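Spelled out from the first residue to the last, the chains are:
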Amino acid sequence: MKKIVKIFLALIAVSAVWFLLASRPPPAGISYGVSFSKFHSDELGLDWKKTYLAILDELKVKRLRLSAHWPMVEPIEGEYNFSELDYQLREAERRNIAVILAIGRRLPGWPECHEPDWLRQSGSITNLQFPVANFKQERILKYIEAVVNRYKSYENIKYWQVENEPYLTFFSRAACGPLDQDLLDREIALVKKLDPNHPIILTDSGEFGLWFQTYRRADVFGSSIYLYVWSRALGPIRYPIGPSFFRVKQNLADWLYGPKPKILIELSAEPWLLRPIVETAIEVQLERMGIDKFGEVIDFARQSGFETQYLWGAEWWYWMSERGHPELWLEAKKIFSNN
């Protein structure tokens, strides 16, 4: 009987602590944005400019996260191509849209780490007299320097995002390898030196990230939320967590390291699949992220405590609308029209 009472009291204590940690005033209102990636548009076989302008003019978003994927920016060693990013930044600036520009080797989109072909080809590095790792580090830093110097004067640039979930090392390990902490710190220092006027966002996984290393280094912290995923071992699953999970993590971060801005940088609103979208049946895609799950994800995020939330999946909504399923695109219109 004494053991039962102790267990009961322990459960009450744990529940009370969780309740206190999960108590976070709801935001007065939620500011929504979206991520856009030419890389993802190309994967879907879309006209990327048409898709981008539809996101700007039909959805009427006011906040964007764009990605300066390295293979797009430096397709040939030492020769930079800014035409796609110039277009995206100019069109956003014309509409007074605030932009987060993500830079680095690890940026949104599978396989997470994106390197230009010339870097992967041994011919570029066979005659070097120092380790290949050093060569890669210096090339990454030069690419970042080129991007920051080109766009730091844009009035609609709000934040730089340096790398994407760099501490989520178990995910896409084959493409990314282990975390190079020294390089990450050098990237952050370089961006701050080149542009001290714009804060830096660092991001971490909402479900698996410990947050503390990312949080301590960031001016602004960004979390992801992926509610529905697909495990090769377990099949399609919904993470067994509630919105309070994210409120608790935010409160712990504030308590341990002090308050700082926190945003939901990547709210997954497209299906998690085992094959590319264009190779997957529409029925399977709708099963994984139909209008019902879309609504559930949005409602879940509303209760997570994040005041600013960027949705991931706009290119897919557009792709689906082109194939006779406009319901996701239309629902997104409602979200942004009230924003």
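A separate point is the sheet that holds strand 10 (residues 308–312). Sheets are built from strands paired through backbone hydrogen bonds, the pairs being either parallel or antiparallel. Taken together, the 8 strands give a closed barrel; going around it, the order is 1-2-3-4-5-6-9-10, and neighbouring strands pair in parallel fashion. On average, each strand axis in the sheet is tilted by 30 degrees relative to the strand beside it, whichever way the strands run. Of the pairings in the sheet, the one linking strand 2 (residues 63–67) to strand 3 (residues 98–103) comprises 5 bridges and is parallel in character. Considered in strand 3, the bridge of Ser67 is made with Ala102. Here helix 3 (residues 48–57) sits on the sheet and contacts strand 1 (31–36) and strand 2; the angle it forms with strand 1, its principal contact strand, is near 180 degrees.

Here we come to the packing of aromatic side chains. Enumeration according to the criterion identifies 21 aromatic pairs in this entry. Taking the centre distance of 5.5 Å and the plane angle of 85 degrees together, the rings of Trp48 and Tyr87 count as edge-to-face. Note that Trp48 is positioned in helix 3 and Tyr87 in helix 5 (residues 83–94), a separation of 39 residues in sequence. Each member of the pair, Trp48 as well as Tyr87, carries the same accessibility label: buried. When the centroid spacing of 5.7 Å and the interplanar angle of 85 degrees are considered together, the rings of Tyr226 and Trp272 count as edge-to-face. Remark: Trp272 occurs in the loop between strand 9 (262–268) and helix 12 (282–289) and Tyr226 occurs in the loop between strand 6 (220–225) and strand 7 (228–231); sequence separation between them is 46 residues. Of the residues examined, Tyr226 reaches a relative accessible area of 15% and is grouped as buried.

Here we take up the pairing of strand 7. By the bridge criterion, 4 bridges tie strand 7 to strand 8 (residues 235–238) in an arrangement that is antiparallel. Along strand 8, the bridge assignment pairs Trp230 with Pro236. Hairpin remark: strand 7 followed by strand 8, antiparallel, with 3 residues in the connecting loop.

Thresholds applied
Residues numbered from 1 in each chain as written. Predicted model: local features only at pLDDT ≥ 70, side-chain atom pairs only at ≥ 80, totals over all residues. Heavy atoms only, no water. Pairing = 2+ DSSP bridges. Helix = DSSP H or I, 4+ residues; strand = E, 2+ residues; numbered from the N terminus. Axes fitted to C-alpha atoms, helices over the stretch in contact; angles between N-to-C directions. Contact = heavy atoms within 4.5 Å. Phe/Tyr/Trp six-rings, centres within 6.5 Å; stacked < 30°, edge-to-face > 60°. Buried < 20%, exposed > 50% of the residue type's maximum accessible area, 1.4 Å probe, protein only.

Without other data, these values stay purely geometric and don't point to any function.
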